[in-house]
Amino acid sequence: MIPGHKGYVKTSIFFTTYDSSVANEIYSNIASKYKVLNYVRSKVVNELYFIEVEGNVKEFVEELLKGKVIWYKIDVLEFK
């Protein structure tokens, strides 16, 4: 699918953790199964991470994050 066109889906994942090894483990698990479009650690708040993934991976990521991070938010964007 072409980004931004009808039918394209991407998931934005925001989470906080004080342990960078946990963040790297989460990224590795996601990247091993899905196409990662973007992975960023905030320059303003070091504990805040952002991962953008192609497709709807909300259920997989929720299970992956539970109990490992302080806070998370998952947004699924579908172009219609």
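These remarks concern the structure in this document. (Residues numbered from 1 in each chain as written. Predicted model: local features only at pLDDT ≥ 70, side-chain atom pairs only at ≥ 80, totals over all residues. Heavy atoms only, no water.)

1. What about helix α2 (residues 58-65)?
Among the residues of α2, those classed as buried are Val61, Leu64 and Leu65. Summarising the axial view, the buried residues of α2 lie within an arc of 90°, below the 170-degree limit, and thus occupy one face. Turned more than 90 degrees from where α2 packs its buried face, Glu59 and Glu63 sit exposed. Buried residues along α2 sit against β1 (9-16), α1 (20-33) and β4 (71-78). (Buried < 20%, exposed > 50% of the residue type's maximum accessible area, 1.4 Å probe, protein only. Helix = DSSP H or I, 4+ residues; strand = E, 2+ residues; numbered from the N terminus. Arc of directions from axis to C-beta. Contact = heavy atoms within 4.5 Å.)

2. Quick notes on the sheet that holds β4
Judged by pairing direction, the sheet is antiparallel, and its 4 strands sit side by side in the order β2-β3-β1-β4 without closing on themselves. In this open sheet, the two strands that pair with only one neighbour each are β2 (36-41) and β4. Strand-to-strand, the axes of this sheet are offset by a mean angle of 10°, without reference to chain direction. Looking at chain direction, β2 and strand β3 (residues 48-54) are connected through 5 bridges and run antiparallel. Across the sheet, residue Tyr39 finds its bridge partner in β3, namely Ile51. Sitting on the sheet, α1 is in contact with β1, β2 and β3, with an inclination near 175° to β2. Across the face of the sheet, α2 comes into contact with β1 and β4 while running at roughly 175° to β4. (Pairing = 2+ DSSP bridges. Axes fitted to C-alpha atoms, helices over the stretch in contact; angles between N-to-C directions.)

3. Quick word on the packing of α1 against α2
The geometry of α1 relative to α2 is characterised by a closest axis approach of 11 Å and an angle of 155° between their N-to-C directions. The orientation of α1 with respect to α2, classified from their angle, is roughly antiparallel. Between α1 and α2 lies a crossing whose hand is right-handed. Of the residues in α2, those touching α1 at Ile26, Asn29, Ile30 and Lys33 are Phe60, Val61, Leu64 and Leu65. Among the residues forming the contact of α1 with α2, the class breakdown is 6 nonpolar, 1 polar and 1 charged. (Parallel < 35°, antiparallel > 145°, perpendicular 65-115°, else oblique. Left-handed = near helix turned anticlockwise from the far one by under 90°. Nonpolar A, V, L, I, M, F, W, Y, C, P; charged D, E, K, R; others polar.)

So yeah, pure geometry; function would need other evidence.
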